[in-house]
Number of protein chains: 2
Amino acid sequence: MKEIIKNKGSVYCNTGVWNAFNKELKKLKPTKIFVITDTNTKKFCTSLFLNHYTFTISPEILEIPEGETQKNIATCLTLWNELSEKGADRQSLIINLGGGVVTDLGGFVASTFKRGIDFINIPTSLLAMVDASVGGKNGVDLGLIKNQIGIINNPRLVIIDTKFLNTLPDNQKTSGYAEMLKHGLIHSDDYWNKVKNLNETNIDGLEELLWESVQIKNNIVTQDPFEKGLRKTLNYGHTLGHAIESHSLSKDSINPLLHGEAVAIGMILTSYISNIILGFPEDKLNDVSRSILDKFKRVNFNSSDIDEIIKLLIYDKKNTNGKVLFVLLNDIGNHKINCEVPNDIILEAFDYYKNYK
Amino acid sequence: MKEIIKNKGSVYCNTGVWNAFNKELKKLKPTKIFVITDTNTKKFCTSLFLNHYTFTISPEILEIPEGETQKNIATCLTLWNELSEKGADRQSLIINLGGGVVTDLGGFVASTFKRGIDFINIPTSLLAMVDASVGGKNGVDLGLIKNQIGIINNPRLVIIDTKFLNTLPDNQKTSGYAEMLKHGLIHSDDYWNKVKNLNETNIDGLEELLWESVQIKNNIVTQDPFEKGLRKTLNYGHTLGHAIESHSLSKDSINPLLHGEAVAIGMILTSYISNIILGFPEDKLNDVSRSILDKFKRVNFNSSDIDEIIKLLIYDKKNTNGKVLFVLLNDIGNHKINCEVPNDIILEAFDYYKNYK
């Protein structure tokens, strides 16, 4: 059993995870157990979960509709009301079983119900395993603004069982893979080279690298839990990625993008910007663009899309005083935070992305 | 200047408070400052506040409608959206200027906006000064259930200026006075005797005792910030008080009660229950009932009111596993937490309250 000890809970990966899970339930002795899950996860993941669940109290399933558009305060209100009606108390436990929407939203619901009750996260998507599983960020979107409402609070425990990945369609695996590529870019040439050559739809080859990703993220967030400096590196590609994702959700003319698909585009754009502003090496920029475009379909943005995306940038949580601040790279594994980027270089980056061959 | 150092911020009382306030703003250097206040407070308290405000950035006023019924997630949503639209960022500061509704709700809005920004509380009611000013509890009601959604998070600073009390109608002062009486009952005969003889509408006599109340509460919450044990004593009279308050807000047949008015009734009922279950002395029970009924008008409850109130009890945040748990008193200053109380004794207590002469 692999284990990282964090502030509060622990992260467990694979072998022995379900023993650890049932042991923790015995220790916590919750009065009631509620499982927050979405329509899709309920269909594909609940039976695997229940097969491993041995605790004496039967869990009650609270189901929300699937999708990023459900990650809002209205869904929280429904859940808070259900918890109240079903008699959840301060010693009740919430288990979030699902992708990033479920773990982010369910973590917020638990952290604010009666001023905070315990919760356990069981991520079922690759994205949630490598990204949402550590760091304690939780929350919901406010209209088009991603994760605008939330707090930082760690779950008691995170259970990572890669068997859940068998339930995912390929584009969902690819979406999570984008975060692993990001960990490569901010961490080291070594990890970048391993990850870029991975066949992410083959779960057997994935497991070791997934675990390395969780450790890279965990090292960063334990050094800087409140994102004063180092943790900002985890936003590599996300400043533009979030705006692209929000825009794609708001508009019918382009397809809604998955989080990782938007971040993948954001990483190409940001690597170009890094090249222009900090001299990020040309050959590595090519490597990033080629590796990403091999796996992620290119998206067409017209000039009004790009204008809208730039407008959305100013709502990014990480901005201060109206300035849009980027994490850029001097080189793979060598970052610079709080970089201002002029609009014309962002426009150039979109040109580069459009025309890259 | 009187000062208590807490986890995060400090509480300042009277002399020199505004110097401390302006000094803190200079230190924090916020990018923008937003003042959350309600219609009533804006009318009566903003000019006093602005007279003392010397910082270079003009504060923007965000006004919410007054009253406990506004303390809900819908009001939070309005404020989160206003903050987003007006460009609030992570280095912005929120100042909550008002009574308990404003400080509780504004603290929650600040603690969850972009995963938490700094806030300063300036309580303007006696209740908010002696109760909401310390302890870091914040949040909103969920339907009829008081404070069901929230977290614990301390403000940077609490500014207590008793001059604001001149703006309060007498019933509002009396409402805050109930919490001071409670501090007496849970703390000592000495403080109880001083507080019960106070003329709470005379502000000059009030100041010293108010400060003592703040200290009593602060001593308790610093020993037990997450309400594992000792802090539960602060709920004396509140288990029934909250249910009575919720009921009075839901129904036209009795007048809506202020928080302190409901808690005052709750303290008589709970002192009776303490007498029956723990032998709380008869003469002190009489003293409690007489002192409270001297200042607080008796409310009539019919048997359907009482049934509804007992139903609401089970939603109390402090309950575990469907059991309604009370804080009771062996004597003044000598408590017992987690006491189960049979329904028939609660019914008897309402009888006692109705017939006390």
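Quick caveat: nothing in here was measured; it's all calculated off a predicted structure.

1. Thoughts on the overall build of chain A
Helix and strand content of chain A: 13 helices and eleven strands. C-alpha atoms of chain A, sized along the principal axes, occupy 60 × 40 × 35 Å. Looking at chain A as a whole, 51% of its 357 residues are labelled buried. Long-range pairs, those at least 24 residues apart, make up 74% of the contacts in chain A between residues at least 6 apart in sequence.

2. A word on the interface of chain B and chain A
Each side of the interface is counted separately: chain B has 31 residues, and chain A has 31 residues. Broken down by secondary-structure element, the contributors of at least two residues to the side of chain B that touches chain A are α3 (73-85), α4 (100-112), β7 (137-142) and β8 (145-152) of chain B. Tallying contributions element by element places β8(B) first for the side of chain B that touches chain A, with six residues.

3. So, the pairing of strand β6 (residues 118-123) of chain B
Residues and elements named next belong to chain B. Across the six residues that make up β6, a large majority, six, are buried. Of the two faces of β6, both are covered, the one formed by Asp118, Ile120 and Ile122 as well as the one formed by Phe119, Asn121 and Pro123. Alignment of strand β5 (residues 93-98) against β6, held across six bridges, turns out to be parallel. Across the sheet, residue isoleucine 95 finds its bridge partner in β6, namely isoleucine 120. This β-α-β element, β5 to α4 to β6, shows right-handed connectivity. Here β6 runs beside strand β9 (residues 157-160); their pairing, made up of two bridges, is parallel. Along β9, the bridge assignment pairs isoleucine 120 with leucine 157.

4. Brief notes about the domain arrangement of chain A
Note: interface size is frequently given as the accessible area lost on complex formation between the parts. All names here are of chain A. The assigned domain composition of chain A is domain 1 (2-167) and domain 2 (170-355). Once you take the C-alpha centre of each, domain 1 and domain 2 turn out to be 26 Å apart. Across the contact, 29 residues belong to domain 1 and 31 residues belong to domain 2. Of the residues belonging to the side of domain 1 that touches domain 2, the class tally is twelve nonpolar, twelve polar and five charged.

5. Some thoughts on the relation of the copies chain B and chain A
Of the transformation superimposing chain B on chain A, the axial component is 0.0 Å and the angular component is 180°, with the fit at an RMSD of 0.0 Å. Each copy turns onto its partner about a two-fold axis. In terms of proximity to the rotation axis, the leading residue of chain B is Ile73(B), whose C-alpha is 4.1 Å off the axis. When the interface residues of chain B are mapped onto chain A, 100% of them again lie at the interface, so the same face is used by both copies.

6. Let's talk about the environment of Val324(A)
Looking at the element boundaries, Val324(A) is found in the loop between α12 (303-313) and β10 (325-331). When the 21 C-beta atoms within 10 Å are taken as the criterion, Val324(A) is described as buried.

7. Observations concerning the pairing of strand β7 (residues 137-142) of chain A
Within a regular beta strand, the side chains point alternately toward one face of the sheet and then the other, so they alternate between its two faces. Residue and element names in this part refer to chain A. Of all six residues in β7, six are buried, a share of seventy percent or more. Strand direction decides the pairing type here: β7 and strand β8 (residues 145-152), joined by five bridges, are antiparallel. The residue bridging lysine 137 from the neighbouring strand is isoleucine 152, located in β8. In textbook terms, the turn of a hairpin is the stretch between consecutive antiparallel strands, and for β7 and β8 this stretch comprises two residues, one of which, glycine 143, has a positive phi near 60°.

8. Regarding the environment of Asn197(B)
Residue and element names in this part refer to chain B. Assignment of secondary structure puts asparagine 197 in the loop between α7 (189-196) and α8 (203-223). By C-beta crowding, asparagine 197 is classed as exposed, having 9 other C-beta atoms within 10 Å. Sequence spacing of asparagine 197 and serine 291 is 94 residues, and the spatial spacing of their C-alpha atoms is 8.2 Å.

9. A look at helix α3 (residues 73-85) of chain A
Residues and elements named next belong to chain A. The end-to-end C-alpha separation of α3 is 18 Å, in line with the 18 Å expected for 13 residues at 1.5 Å each. Along α3, the residues classified as buried are Ile73, Thr75, Cys76, Leu79, Trp80 and Leu83. Buried residues in α3, looked at end-on, bunch into an arc of 150°, giving them a common side. The exposed set on the far side of α3, more than 90 degrees from its buried face, consists of Ala74 and Glu85. Positioned one or two residues after α3, glycine 87 has a phi angle of 75°, which is positive.

10. Observations concerning the packing of helix α6 (residues 170-187) of chain B against helix α10 (residues 259-278) of chain B
All names here are of chain B. With their axes 7 Å apart at the nearest point, α6 and α10 run at an angle of 35° to one another. For the element pair α6 and α10, the recorded crossing hand is left-handed. Between α6, through Thr174, Ser175, Gly176, Tyr177, Ala178, Glu179, Leu181, Lys182 and Leu185, and α10, the contact on the second element is made entirely by His259, Gly260, Glu261, Val263, Ala264 and Met267. Classifying every residue of the contact of α6 with α10 gives seven nonpolar, five polar and three charged.

11. Details of the nonpolar core
Val109(A) and Val109(B) are the most contacted members of the largest nonpolar core, which totals 204 residues. In contact with Val109(A), not counting residues within four places along its chain, are Ile36(A), Cys76(A), Leu79(A), Trp80(A) and Ile94(A).

Cut-offs and rules
Residues numbered from 1 in each chain as written. Chains lettered and ligands numbered in written order. Predicted model: local features only at pLDDT ≥ 70, side-chain atom pairs only at ≥ 80, totals over all residues. Helix = DSSP H or I, 4+ residues; strand = E, 2+ residues; numbered from the N terminus. Buried ≥ 20, exposed ≤ 12 C-beta atoms within 10 Å, placed from the backbone. Contact = placed C-beta atoms within 7 Å. Pairing = 2+ DSSP bridges. Right-handed = clockwise from strand over helix to strand, strands pointing away. Domains from an automatic or database assignment. Nonpolar A, V, L, I, M, F, W, Y, C, P; charged D, E, K, R; others polar. Least-squares fit on C-alpha atoms with pLDDT ≥ 70 in both. Expected span 1.5 Å × (residues − 1). Arc of directions from axis to C-beta. Axes fitted to C-alpha atoms, helices over the stretch in contact; angles between N-to-C directions. Left-handed = near helix turned anticlockwise from the far one by under 90°. Core = buried A, V, L, I, M, F, W, Y, C linked by C-beta atoms within 7 Å.

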